[in-house]
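# Residue-level structural notes
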Amino acid sequence: MLQILKPMFQKLLSIFYDKTFLRFVIVGVINTIFGATIMFVAYNVFHFGYWFSTFANYFLGSILSYFLNKYYTFKYKQRNLAVVVRFTLNIAICWLIAYGIAKPLMMWILSSCAKNIQENVAMLVGMCLFVGLNYIGQRFFAFKKEEVK
């Protein structure tokens with residue numbers, strides 16, 4: 001059984017873990033520092049709500065992410081509106097799923113804690129969920145390689 005699963009696991013790993021993945025991680029670190037600063041300052045310093053603070057992070061961070069990932073990570077050369085639409089759709093879906101799961105989950109797990117602790121932890125958890133979903137969405141949807149016909 002293990003001999004059957006090993007090649008499948010290696011193929012799956014080779015699809016996700018390559019130079020593109022490493023470049024995505026580098027861009028992700030830069031973008032995470034940028035976006036997390038915006039999100040936590042908006043929430044903790046300016047006292048904006050959970051949804052606005054996370055939205056500000058991903059709205060502004062996505063602009064930076066688009067250019068860094070398009071040109072550096074995925075080396076995507078095409079210039080068309082469809083790519084921008086796919087990228088925007090991917091970000092919106094990943095944001096809604098990640099933060100939509102993170103907030104109620106952390107409110108439940110940390111129900112004995114203060115709301116600001118629950119929401120700060122939810123923002124951290126949401127960031128982690130977002131990264132995984134976003135990589136898959138950008139690689140296989142937003143910046144997918146167009147097949148030449």
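In case you missed it, the structure is sitting above this.
Starting afresh in each chain, residues are numbered from 1 along the sequence in its written order. Owing to the predicted nature of the model, reporting of local features is limited to residues with pLDDT of at least 70; listing and counting of side-chain atom pairs is limited to 80 or more, with chain, interface and lining totals taken over all residues. For side-chain calculations, the full set of non-hydrogen atoms in the structure is used, while hydrogens and water are omitted.

As a further point, take the nonpolar core. To define a nonpolar core, start from buried Ala, Val, Leu, Ile, Met, Phe, Trp, Tyr and Cys residues and group those joined through side-chain atoms within 4.5 Å. Partly exposed residues are those whose accessible area sits between 20% and 50% of the maximum for their type, while under 20% is buried and over 50% is exposed, using a 1.4 Å probe and protein chains only. By size, the foremost hydrophobic cluster in this structure holds 26 residues, and its most contacted members are Tyr58, Tyr99, Phe130 and Phe143. Strands here mean DSSP runs of E at least two residues long; helices mean DSSP runs of H or I at least four residues long; both are numbered from the N terminus. Residue contributions to this core peak at 9 residues, all from helix α4 (residues 81-109). Residue contacts follow a heavy-atom distance rule, with two residues in contact if any of their heavy atoms lie within 4.5 Å. Not counting residues up to four positions away in its chain, the partners in contact with Tyr58 are Ile91, Trp95, Tyr99, Met127 and Phe130.

Another point: the layout of surface pockets. Put plainly, a pocket is an open set of points on a 1 Å grid over the protein atoms alone with protein on both sides within 12 Å along at least five of seven lines, a cavity is a set where a 1.4 Å probe fits but cannot get out, and a lining residue has an atom within 4 Å of a point. Grid points are joined across faces, edges and corners, and a volume is the space filled by probe spheres set on the points. Counted as a void, the largest pocket has a volume near 350 Å³. Of all the elements in the fold, those that place two or more residues in the lining of the largest pocket are α2 (19-44), α3 (50-73) and α5 (115-142). Here the element with the most residues in the lining of the largest pocket is α2; it accounts for 10 residues. Amino acid classes used here: Ala, Val, Leu, Ile, Met, Phe, Trp, Tyr, Cys and Pro are nonpolar; Asp, Glu, Lys and Arg are charged; the rest, including Gly, are polar. When grouped by side-chain class, the residues that make up the lining of the largest pocket number 13 nonpolar, 11 polar and no charged. One number sums up the size of the second largest pocket: a volume of about 260 Å³. Along its surface, the second largest pocket is lined by Phe55, Tyr58, Phe59, Ser62, Ile63, Tyr66, Val84, Phe87, Thr88, Ile91, Ala92 and Trp95.

This brings us to the packing of α3 against α5. Axis lines are fitted to C-alpha atoms, over the contacting stretch for helices. Their N-to-C directions set the angle, which ranges from 0 to 180 degrees. Where α3 contacts α5, the two axes come as close as 12 Å, and the packing angle between them is 30 degrees. In terms of orientation, α3 and α5 fall into the roughly parallel class. When you trace α3 past α5, the crossing you get is right-handed. Listed contacts from α5 to Tyr50, Thr54, Tyr58, Ser65 and Asn69 of α3 are Glu119, Ala122, Met123, Met127, Phe130 and Gln138. Should an angle fall under 35 degrees it is called roughly parallel, over 145 degrees roughly antiparallel, and 65 to 115 degrees roughly perpendicular, with every other angle called oblique. Helix crossings are classified by the rotation of the near helix relative to the far one: an anticlockwise turn of less than a right angle makes the crossing left-handed, while a clockwise turn makes it right-handed.

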